[in-house]
Amino acid sequence: MNTQPSPSVGLFDSPAYKRSRNAYLMHCAFEYLIALLVSDAFLAKLLSNLGFSDMLIGVTSSIISAAFLFQLSAMLLVQRIHNVKRYAITLSALSQLLFISLYFVPFLPVANGMKSTLVVGFLLLAYFCLYSMGPMLSKWGNSYVAPTNRGTYSAVKEMVSLVTGMGFTLGMGYVIDRYEGLNNIRGGFLFIACAGLIVSLLSFICLKNISVENALVSPETETIPMKKILKETLGSRRFIPVVVAASLMSISSYMTVGFLGIYKTKTLMLSVATVQIINIVGNLARVAVSKPLGRFSDRHSFAKGLEVGLYLAALAYVFCVFSGPGRVWCFVIYTLLISVSAAGTGQNSFNILYSYVDPKYFVQAYAIKSSISGVIGFLASLVGSRILGMVQANGNMLFGMTVYGQQLLAAISFVFAISAALFTRFVMGRQKAMLQ
């Protein structure tokens, strides 16, 4: 339970704070749309067109987890950036343009090997820009939200992103399928790139409308020695359990998720539009529970909300294990449950830092947690790719039964999701939480 008194909420009701909250909320929605275009079936379709193997598609899709390592740069830069708004706007725009550039790669007059290199290079550069400013942008955007309303605000922000994403991905999925049916898949890629440029512009406008008030840091602000930062983060008994829980959750996710895009379109034989319809159903379920789970987290604790999400994720992986050709309904239920679980794990995995980290070290703690769990998640995806390769090399047979690699990976993910939930309940959740 929260143990410290909350600050006055009068300031949070001011017009500037309300405008900033709304602008940040919409920026997150537009940023989410860009993220959707470079993930799941969309990215799998692009990479497959460039000649990537199933294993390489899974590893490339999981680059995001290793890219979290770039957040360490935020830890080094935070004390040198005196105008967070200018820094965040510049790198946010650059990252989105790099993501959109992926869809121009198929048109370049170079060999496929060079195209593959460019795709990975653009992804890494885009994630570097995104994550090196991400912790600072998150702290700045959330600084206009009252501490007692943070869980609910996060839920509403998530709901807006999801609802916006539903129509957007359905439309983009229809476009891809339409162009593919005309044997002109690259025409679909060009359409997606143009849509992405429009979304990027809207995101830029939103960031410009967030107040600069909490984005300015005085040059005279005392520089915190790295030794002190490490002592207050990795040397803190309150913070280490947060990192452990995040790492277990990262293994659970990246062991499987990066390999599901190709599983949907190749093994289950689903069109991109059908995948998006299934995703929309899952997102509708997530929208329905986001606000109640946000209020639950505000009332009880972010750790409790995270625990609920992890149990739902574990149940989702059970259905993924039993999915396959002829059992698409199992995959639909998996999608529903994993989407609902994200309402508990998504924002709470970020908000939980407010419970166990001194605000003076928030950006550094955020960067360290994300970097460690991200690298561990990427290593898990490498292990997953080896497992997938071995199962496929064996003709998708295991102990005399037909088993697809993604089913086996989902079983492993179940074990780590349950482990993360139990650790959150019996270790992290029993610590005294702060309200800030």
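Residues numbered from 1 in each chain as written. Predicted model: local features only at pLDDT ≥ 70, side-chain atom pairs only at ≥ 80, totals over all residues. Heavy atoms only, no water.

1. Quick look at the overall build of the protein
The number of helices and strands found in the protein is 19 helices and two strands. Relative to the globule expectation of 22 Å for 436 residues, the C-alpha radius of gyration of the protein, 21 Å, shows essentially globular dimensions. Expressed as lengths along the three principal axes of its C-alpha atoms, the size of the protein is roughly 60 × 45 × 40 Å. A burial count over the protein gives 56% of its 436 residues as buried. Roughly 18100 Å² of accessible area belongs to the protein as shown, and the carbon and sulfur atoms make up 68% of that amount. Between the averaged position of the 33 positive side-chain charges in the protein and that of its 14 negative side-chain charges there is a distance of 3 Å. (Helix = DSSP H or I, 4+ residues; strand = E, 2+ residues; numbered from the N terminus. Rg over C-alpha atoms; globule rule 2.2 N^0.38 Å. Buried < 20%, exposed > 50% of the residue type's maximum accessible area, 1.4 Å probe, protein only. Areas by Shrake-Rupley, 256 points an atom, 1.4 Å probe, with all protein chains shown as cover. Lys, Arg positive; Asp, Glu negative; His and termini not counted. Charge placed at Lys NZ, Arg CZ, Asp CG, Glu CD.)

2. Focus on the nonpolar core
The biggest cluster of nonpolar side chains holds 81 residues, and the ones touching the most others in it are F99, Y103, W140 and Y334. Broken down by element, the residue count for this core peaks at 11 residues, all from helix α7 (residues 112-142). Once residues within four sequence positions are removed from consideration, W140 is found in contact with V84, K85, A88, L207, I210, S211, N214 and A215. One finds L306, F350, A365 and I368 within the second-largest nonpolar core, a separate group that totals 27 residues. (Core = buried A, V, L, I, M, F, W, Y, C linked by side-chain atoms within 4.5 Å. Contact = heavy atoms within 4.5 Å.)

3. Describing helix α14 (residues 302-321)
In this model, α14 (20 residues) spans 29 Å end to end at C-alpha, consistent with the 28 Å of a helix rising 1.5 Å per residue. When we look at burial in α14, the residues that qualify are F302, A303, G305, L306, E307, G309, L310, A313, A314, A316, Y317 and C320. (Expected span 1.5 Å × (residues − 1).)

4. A short note on the packing of aromatic side chains
Counted under the stated rule, the structure contains 12 aromatic pairs. Between the aromatic rings of Y127 and Y131, the centroid separation amounts to 5.6 Å while the plane-to-plane angle is 10°, which identifies the pairing as stacked. With Y127 and Y131 both in helix α7, this residue pair falls four residues apart, about one helical turn. As far as burial versus exposure is concerned, Y127 and Y131 are alike and both buried. For the pair Y317 and Y334, a centre-to-centre distance of 6.1 Å together with 40° between the ring planes defines the contact as tilted. (Phe/Tyr/Trp six-rings, centres within 6.5 Å; stacked < 30°, edge-to-face > 60°.)

5. What to know about the packing of α7 against helix α18 (residues 362-393)
Packing of α7 against α18 leaves a shortest axis separation of 9 Å and a crossing angle of 135°. Judged by the angle between their axes, α7 and α18 are oblique. In this structure, the crossing between α7 and α18 has a hand that is right-handed. Residues G134, P135, M136, S138 and K139 of α7 pack against F362, V363, Y366 and A367 of α18. (Axes fitted to C-alpha atoms, helices over the stretch in contact; angles between N-to-C directions. Parallel < 35°, antiparallel > 145°, perpendicular 65-115°, else oblique. Left-handed = near helix turned anticlockwise from the far one by under 90°.)

6. Digging into the confidence of the model for the protein
With 91% of its residues at a pLDDT of 70 or more, the protein has an overall mean of 85. Contacts for the low-pLDDT stretch residues 1-8, under 50 throughout, to residues beyond four places or in other chains number 16 contacts. (pLDDT = per-residue confidence, 0-100.)

7. Section: the environment of F416
Inspection of the secondary structure assignment puts F416 in helix α19 (residues 405-426). For the pair F416 and M255, spaced 161 residues apart in the sequence, the C-alpha separation amounts to 9.5 Å. For F416, the contacting residues outside a window of four places in its chain are L248, I251 and S252.

8. Concerning helix α8 (residues 150-181)
Compared with the 46 Å implied by 1.5 Å per residue over 32 residues, the 46 Å span of α8 between its first and last C-alpha is a close match. The largest bend in α8 is about 25°, located at G165. (Bend = angle between axes of the 7 residues up to and from the residue.)

9. Notes on the environment of P292
Inspection of the secondary structure assignment puts P292 in helix α13 (residues 272-299). The exposure class of P292 is partly exposed, given its relative accessible area of 46%. Remark: the alpha-carbon pair of P292 and A410, spanning 118 residues in sequence, is separated by 28 Å.

10. Examining the packing of helix α6 (residues 84-101) against α7
Interhelical geometry of α6 versus α7 gives an angle of 150° and a closest axis separation of 8 Å. Classed by the angle they form, the pair α6 and α7 counts as roughly antiparallel. In this structure, the crossing between α6 and α7 has a hand that is left-handed. Two secondary-structure elements touch here, α6 through V84, K85, Y87, A88, L91, S92, L94, S95, L98, F99 and S101 and α7 through F122, L123, L125, A126, Y127, C129, L130, S132, M133, M136, L137 and W140. Partitioning the contact of α6 with α7 into residue classes produces 18 nonpolar, four polar and one charged. (Nonpolar A, V, L, I, M, F, W, Y, C, P; charged D, E, K, R; others polar.)

11. Some points on the side chain of S250
Relative to the elements of secondary structure, S250 occurs in helix α11 (residues 240-254). What makes S250 buried here is its relative accessible area of 8%. There is a polar contact of 2.7 Å between the side chain of S250 and the backbone oxygen of S373. If we skip the residues at most four places from it in the chain, S250 touches S373, G374 and G377. (Polar contact = N/O pair within 3.5 Å; in protein donor to acceptor, adjacent residues only side chain to side chain.)

12. Some points on a nonpolar patch on the surface
There is a patch of nonpolar side chains on the surface, built from L76, M226, L230, L234, I240, V244 and I372 and spanning about 500 Å² of accessible area. If you list the elements that add at least two residues to the nonpolar patch, you get α10 (226-232) and α11. The residue L76 is located in helix α5 (residues 72-77) in this model. Look at L76 and you get partly exposed, because its relative accessible area is 44%. (Patch = residues over 30% accessible without salt bridge, like charges linked within 9 Å, V, L, I, M, F, W, Y side chains within 5 Å. Salt bridge = Lys/Arg side-chain N within 4 Å of Asp/Glu carboxyl O.)

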